[in-house]
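An overview of the molecular structure
What follows is the residue order along each chain.
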Amino acid sequence: MRSFAGRDILSLKDFERQEFFRVFEIAERLEPIARERQMSDLLHNKILVTAFYQPSTRTRLAHESAMLRLGGKVTGFSDAKMTRAGDFYQESIKDTVKMLEFYGDVIVMRHFQQGAPHEAAKWSSVPIINGGDGWGEHPTQILTDFYTVMREKGRIDGLKWLAVGDMRMRTMHSLAYGLSQFDCPITFVSPPDMSLTDEMKDDLKNYSLNFREAEHVEQAIADADVILVEPVVQPDYTKSRDERSGDVGGTPANYKITRELLATKAKSDAILLHSLPRMDEIPADVDITRWSRYWQEAFNGVVMRMALLALVLGKME
Ligand code: CP
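Residues numbered from 1 in each chain as written. Predicted model: local features only at pLDDT ≥ 70, side-chain atom pairs only at ≥ 80, totals over all residues. Heavy atoms only, no water.

Further remarks concern the domain arrangement of the protein chain. The domain boundaries assigned to the protein chain delineate domain 1 (12–138 + 301–312) and domain 2 (139–298). At the interface, 37 residues of domain 1 touch 38 residues of domain 2. In this assembly, domain 1 packs against domain 2 so that about 3200 Å² is buried in total across both faces, 59% of it on carbon and sulfur atoms. By the criterion of area lost to domain 2, the three top residues of domain 1 are Leu12, Trp135 and His138, representing 26% of everything that side buries. Along the contact surface separating domain 1 from domain 2 lie four salt bridges. Here Lys13 ties to Asp203 by a salt bridge, and the two come within 3.6 Å at their closest N and O atoms. Here domain 1 is connected to domain 2 by 22 residue pairs in polar contact (both at pLDDT 80 or more). If you list the elements that add at least two residues to the side of domain 1 that touches domain 2, you get α1 (17–35), α2 (58–69), β3 (106–111), β4 (128–133) and α9 (294–312). With eight residues, α1 is the largest single contributor of residues to the side of domain 1 that touches domain 2. Residues of the side of domain 1 that touches domain 2, tallied by class, amount to 15 nonpolar, ten polar and twelve charged. (Domains from an automatic or database assignment. Contact = heavy atoms within 4.5 Å. Buried area = accessible area lost by both parts, 1.4 Å probe. Salt bridge = Lys/Arg side-chain N within 4 Å of Asp/Glu carboxyl O. Polar contact = N/O pair within 3.5 Å; in protein donor to acceptor, adjacent residues only side chain to side chain. Helix = DSSP H or I, 4+ residues; strand = E, 2+ residues; numbered from the N terminus. Nonpolar A, V, L, I, M, F, W, Y, C, P; charged D, E, K, R; others polar.)

Laid out in structure tokens, this is it:
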């Protein structure tokens, strides 16, 4: 297995099966620090730089919290408009990263352009972690989801997945590539104009992913062990910021997971994941049902980032 030390985390396309298990193992070892709200000094002499060119609550703060829990320090910008990349100069990723690499030891980047973190990694001497790139990928979110499944179900292989939402979403792409390393059939349910592209389907066949598509969650929910939901009413992820203007409409029943649907159709031990934020695709009254695991996912998001930071900074092997 390759070492994680100094490595960029850009995509789950290049993750090998044993590497998933290595990350889960490190996460499990570090988890007590977060659970007991403790601090360690594992990364006491390290600095994380956050370079977010798009809004974020979870990804940025979970990385920051992870770094602080491990005794490291954090710097970065949360509003790219107040940097030279966001003003008259429109400073390039290359020039920006050639600065940031001297300000810290690892950089987590979110960008509206697909491939921006990959471009950053070409120029950076410190590891780049992709915190979501346009419609590209969101590897740390799906690592969090896989870790949640491991903790909740004790395994990943052999579980049937249902993914509901916009298949252009970066989380869906990382999910599909990640699952190709496991024995996990998956059904995708999305509006026709948000379905997997032919190019993506060909790619997933090359990756030997066992997948099918359905039109309505009711056609697939009864078989699912893991139900992963994303919004179909959502912003344009290729924009730096997309504010809501006027009525954006509700989620059609085909893509909505209600309490009644879970109670009547889902397996009693299925688990329901959502990376959040949400619109109305999972109504709030689902939160206290036995299926929901999205708050657990939020906690695991910190633990997973602790593991990744410890690994890429060479403090755990
Ligand atoms: N799940 C997720 O990526 O959330 P944020 O956009 O708040 O980071």
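Attention now goes to the site of the ligand. Contacts to the ligand come from Ser56, Thr57, Arg58, Thr59, Arg110, His138, Gln141, Ser275 and Leu276. Arg110 is positioned such that a nitrogen or oxygen atom in its side chain is 2.8 Å from an oxygen atom of the ligand. Between the ligand and Leu276, the relevant distance is 2.9 Å, taken from a nitrogen atom to a main-chain nitrogen or oxygen of the residue. Bound to the protein, the ligand loses 91% of the 260 Å² it would expose on its own. The residue makeup of the shell around the ligand, split by class, is one nonpolar, six polar and two charged. (Near = heavy atom within 4 Å. Areas by Shrake-Rupley, 256 points an atom, 1.4 Å probe, with all protein chains shown as cover.)

Now for the environment of Leu30. Relative to the elements of secondary structure, Leu30 occurs in helix α1. On the accessibility criterion, Leu30 (6% relative accessible area) is buried. Each C-alpha atom of the pair Leu30 and Gly115 lies 30 Å from the other, and the pair is 85 residues apart in sequence. (Buried < 20%, exposed > 50% of the residue type's maximum accessible area, 1.4 Å probe, protein only.)

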